[in-house]
Amino acid sequence: MSQRNVIPFGPQHPVLPEPIHLDLVTEDETVIEAIPSIGFVHRGLEKLVEKKDYQDFVYVAERICGICSFMHGMTYCQAVEEIMEIAVPERALYLRTVWAELSRIHSHLMWLGLAADAFGFESLFMNCWRLREGILDIIEATTGGRVIFGSCKIGGVRRDIDDETMKGIVEKLGTIGAEIGRTTDVFLNDYSVQHRLKGIGVLSGEEAHALGTVGPVLRASGVAMDARKIDYAAYRNLKFEPVVEKAGDCHARCRVRVREIFQSVDLIGQAARKMPGGEIFVKVTGAPNGEFFSRVEQPRGEVIYYVKANGTKNLQRFRVRTPTFANLPAMVKMLEGASIADVPNIILTIDPCISCVER
Amino acid sequence: MFFKKSPWIIHYDATSCNGCDIEVVASLTPMYDLERFGIVNTGNPKHADIFVVTGAVNESSRMVVKNIYDQMPNPKVVVAVGICATSGGVFRECYNVLGGVDKVIPVDVYVPGCAARPESIIDGIITALDILERRLVEFRKAKSEARRQEKKLRRYHLND
Ligand code: SF4
């Protein structure tokens, strides 16, 4: 009988820029069990709502996670707006959609790069991050920030994008999109990439649903579930279908993200065509009273915000269920029975964002 | 400007929101390209000269930061990236945040910004290189002085 060993993985590990600790119980080269322990990034920012004004709290909400920061701010604003029954101007909703899709593109490109790094394809990693800079340029030109936008506020958005710029953005996305296509071809067709990802970490549709996974992990297992379909922001006026793959392995999750990049480019084009004129925010006074669940599809999956207000300037309770938290049980399940060499790939294909998980 | 050594950096996320982390990685990629200075990101503290920390420290990450710092060979420099690592930033009032990284280990360079821009991160690391070079000279001096003392002791058979 072979011997059992416990291999510690993290919190400081070359593959992951973020701290998560796993105890991998192994037998020879096979992982028998993975025991995660988290808490290295816990700050306790949910409690901060009791100290900060509800309008200022948008800043903190954006800093729950620096990758989908705009979407966090947007989810929070939506929740408070619903409680206060504010009618957000149509143009602001479209602008939010554009920025949300831009952050999805930049997040997916970032993930493609990190995944390439995890299976040791250094030049592909560099290439993805080079393309990502093009998207960041657009974001910087329209919001002033590269990763933290700070452009969403309760009642609308802070900045406008004029029609000329919008046209320029769509054109630029066309050229970047062609370049992205050349790079993602490698992910889709390259023999060695397929060799590393195909058939690894397979999750069937039922398992994925039972374990409560969300986002690309769920869609890669054949379940068409996308929170954008619940019609927040301007998505009710845009035409799209959730990207679905059947195989449920690492390569399927990779394909879902690649296709979502192009879907986002298309959505931005649609939004630019349909964007109405008018105001970009309404003035908000008073204090919220009530509670609301807000749901938004982030690059990693569906995020749920619970906001409870009691008629004062400070909220009473604020709770976030982030997509990575929902995907962690599936990750632990996939790691069981995997080979040690595939561990980084499997961890990365759920696109872990530890700082949202622990907040 | 030239450097005698190609310094390697190690990056650890204490409790950052990821904003600064991706900017640290972005400054290593083709657009900003810290690697043109011979600076490489390594995962092993024993190979690293510059310790780049992002985010404030909390109870669990305190020990990890300290461990990594202790494992790095001398001379070493610490760069705190982002306003969180400098003072705690927006999370300063959170119950689980102890404050800036300097609560745990000595910090040499503070890079401001939320998120810190790649340009300022590069500037911070170049500043750290100067400090590293100076430390190296001091370190060599201290080492040769120690060797001299030891030789002296040996001559008089004082350390037998
Ligand atoms: S300084 Fe800002 S961007 Fe950087 S880790 Fe802190 S909150 Fe995030």
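This write-up is about the structure you can find in this document.

**Quick look at the overall build of chain A**
Here is step 1 of the chain: When its secondary structure is counted, chain A shows 12 helices and eight strands.
Here is step 2 of the chain: Here the C-alpha radius of gyration of chain A, 21 Å, is about what a compact globule of 359 residues would show, namely 21 Å.
Here is step 3 of the chain: With the principal axes as the frame, chain A shows a C-alpha extent of 70 × 45 × 35 Å.
Here is step 4 of the chain: Here chain A holds 359 residues, and the buried ones make up 61% of them.
Here is step 5 of the chain: Within chain A, counting contacts between residues at least 6 apart in sequence, those at least 24 apart form 70% of the total.
Here is step 6 of the chain: Split by element, the accessible area of chain A, about 13,100 Å² in all, is 52% carbon and sulfur.

**Quick word on helix α1 (residues 19-26) of chain B**
In an α-helix, one turn spans 3.6 residues; hence positions three or four apart end up facing the same way.
Here is step 1 of the chain: Buried residues dominate α1(B), accounting for eight of its eight residues.
Here is step 2 of the chain: Buried residues of α1(B): G19(B), C20(B), D21(B), I22(B), E23(B), V24(B), V25(B) and A26(B), and no others.

**Let's talk about the pattern of salt bridges**
Here is step 1 of the chain: Under the criterion given, the structure shown has 31 salt bridges over all chains.
Here is step 2 of the chain: Measuring nitrogen to oxygen at the nearest pair gives 2.8 Å for the salt bridge that ties E23(B) to R146(A). Note that E23(B) is positioned in helix α1 and R146(A) in the loop between α4 (122-143) and β4 (152-153), a pairing that runs across two chains. Each member of the pair, E23(B) together with R146(A), is buried.
Here is step 3 of the chain: One continuous salt-bridge network, built from bridges that share partners, spans E101(A), R104(A), R219(A), D226(A), R228(A), E260(A) and E297(A).

**A closer look at the packing of α4(A) against α1(B)**
Here is step 1 of the chain: α1(B) packs onto α4(A) with a crossing angle of 115° between their chain directions and a minimal axis gap of 11 Å. Taken as axis vectors, α4(A) and α1(B) run roughly perpendicular relative to one another. For the crossing formed where α4(A) meets α1(B), the hand is left-handed. Contacts from F125(A), W129(A), R132(A) and E133(A) of α4(A) reach α1(B) at I22(B), V25(B) and A26(B).
Here is step 2 of the chain: Tallied by class, the residues present in the contact of α4(A) with α1(B) amount to five nonpolar, no polar and two charged.

**A short note on the layout of surface pockets**
Residues and elements named next belong to chain A.
Here is step 1 of the chain: In this structure, the second largest pocket spans a volume of roughly 310 Å³.
Here is step 2 of the chain: Lining the second largest pocket are 16 residues; nearest its centre among them are Q78, E82, Y232, A233 and R236.
Here is step 3 of the chain: Those elements that place two or more of their residues in the lining of the second largest pocket are α2 (69-84), α3 (90-118) and β6 (289-298).
Here is step 4 of the chain: For the lining of the second largest pocket, the leading source of residues is β6, giving four residues.
Here is step 5 of the chain: For the lining of the second largest pocket, a count of residues per class yields eight nonpolar, two polar and six charged.

**Some details on the nonpolar core**
When a protein is soluble and globular, its nonpolar side chains tend to lie buried together.
Here is step 1 of the chain: In this structure, Y76(A), F318(A) and F51(B) are the most contacted members of the largest nonpolar core, which totals 171 residues.
Here is step 2 of the chain: Here this core takes 17 residues from α3(A), the largest share from any one element.
Here is step 3 of the chain: If we ignore the near neighbours within four places in the chain, the residues touching Y76(A) are Y54(A), F57(A), V58(A), A61(A), I154(A), Y305(A), V307(A), L315(A) and F318(A).

**A word on the site of the ligand**
Here is step 1 of the chain: Neighbouring residues of the ligand: R63(A), S16(B), C17(B), G19(B), C20(B), G82(B), I83(B), C84(B), F91(B), G113(B), C114(B) and A115(B).
Here is step 2 of the chain: When contributions to the shell around the ligand are tallied by element, the ones reaching two or more residues are α1 and α3 (82-87) of chain B.
Here is step 3 of the chain: When residues in the shell around the ligand are grouped by element, the largest group, three residues, is from α3(B).

**Details of the interface of chain B and chain A**
Here is step 1 of the chain: At the interface, 38 residues of chain B touch 37 residues of chain A.
Here is step 2 of the chain: With both chains or domains summed, chain B and chain A bury close to 3,100 Å², and 63% of this area falls on carbon and sulfur atoms.
Here is step 3 of the chain: The interface formed by chain B and chain A holds three salt bridges in total.
Here is step 4 of the chain: Residue E93(B) pairs with K52(A) through a salt bridge whose shortest N-O separation is 3.7 Å.
Here is step 5 of the chain: Run the count over chain B and chain A and you get nine residue pairs in polar contact (both at pLDDT 80 or more).
Here is step 6 of the chain: The set of elements that each furnish at least two residues to the side of chain B that touches chain A consists of β1 (8-13), α1 and α2 (59-71) of chain B.
Here is step 7 of the chain: No other element matches α1(B), which puts five residues into the side of chain B that touches chain A.
Here is step 8 of the chain: Among the residues making up the side of chain B that touches chain A, the classes are represented as 22 nonpolar, 11 polar and five charged.

**Some details on the packing of aromatic side chains**
Residues and elements named next belong to chain A.
Here is step 1 of the chain: This structure, assessed with the given rule, holds nine aromatic pairs over all chains.
Here is step 2 of the chain: On the basis of an interplanar angle of 90° and a centroid distance of 5.8 Å, the ring pair of Y76 and F318 is categorised as edge-to-face. One end of the pair, Y76, is in helix α2; the other, F318, is in strand β8 (residues 315-321), with 242 residues separating them in the sequence. The residues Y76 and F318 share a single accessibility class, namely buried.

Analysis parameters
- Residues numbered from 1 in each chain as written.
- Chains lettered and ligands numbered in written order.
- Predicted model: local features only at pLDDT ≥ 70, side-chain atom pairs only at ≥ 80, totals over all residues.
- Heavy atoms only, no water.
- Helix = DSSP H or I, 4+ residues; strand = E, 2+ residues; numbered from the N terminus.
- Rg over C-alpha atoms; globule rule 2.2 N^0.38 Å.
- Buried < 20%, exposed > 50% of the residue type's maximum accessible area, 1.4 Å probe, protein only.
- Contact = heavy atoms within 4.5 Å.
- Areas by Shrake-Rupley, 256 points an atom, 1.4 Å probe, with all protein chains shown as cover.
- Salt bridge = Lys/Arg side-chain N within 4 Å of Asp/Glu carboxyl O.
- Axes fitted to C-alpha atoms, helices over the stretch in contact; angles between N-to-C directions.
- Parallel < 35°, antiparallel > 145°, perpendicular 65-115°, else oblique.
- Left-handed = near helix turned anticlockwise from the far one by under 90°.
- Nonpolar A, V, L, I, M, F, W, Y, C, P; charged D, E, K, R; others polar.
- 1 Å grid on protein atoms, 1.4 Å probe; cavity = no way out; pocket = protein on both sides within 12 Å on 5 of 7 lines; lining within 4 Å.
- Points joined across faces, edges and corners; volume = space filled by probe spheres on them.
- Core = buried A, V, L, I, M, F, W, Y, C linked by side-chain atoms within 4.5 Å.
- Near = heavy atom within 4 Å.
- Buried area = accessible area lost by both parts, 1.4 Å probe.
- Polar contact = N/O pair within 3.5 Å; in protein donor to acceptor, adjacent residues only side chain to side chain.
- Phe/Tyr/Trp six-rings, centres within 6.5 Å; stacked < 30°, edge-to-face > 60°.

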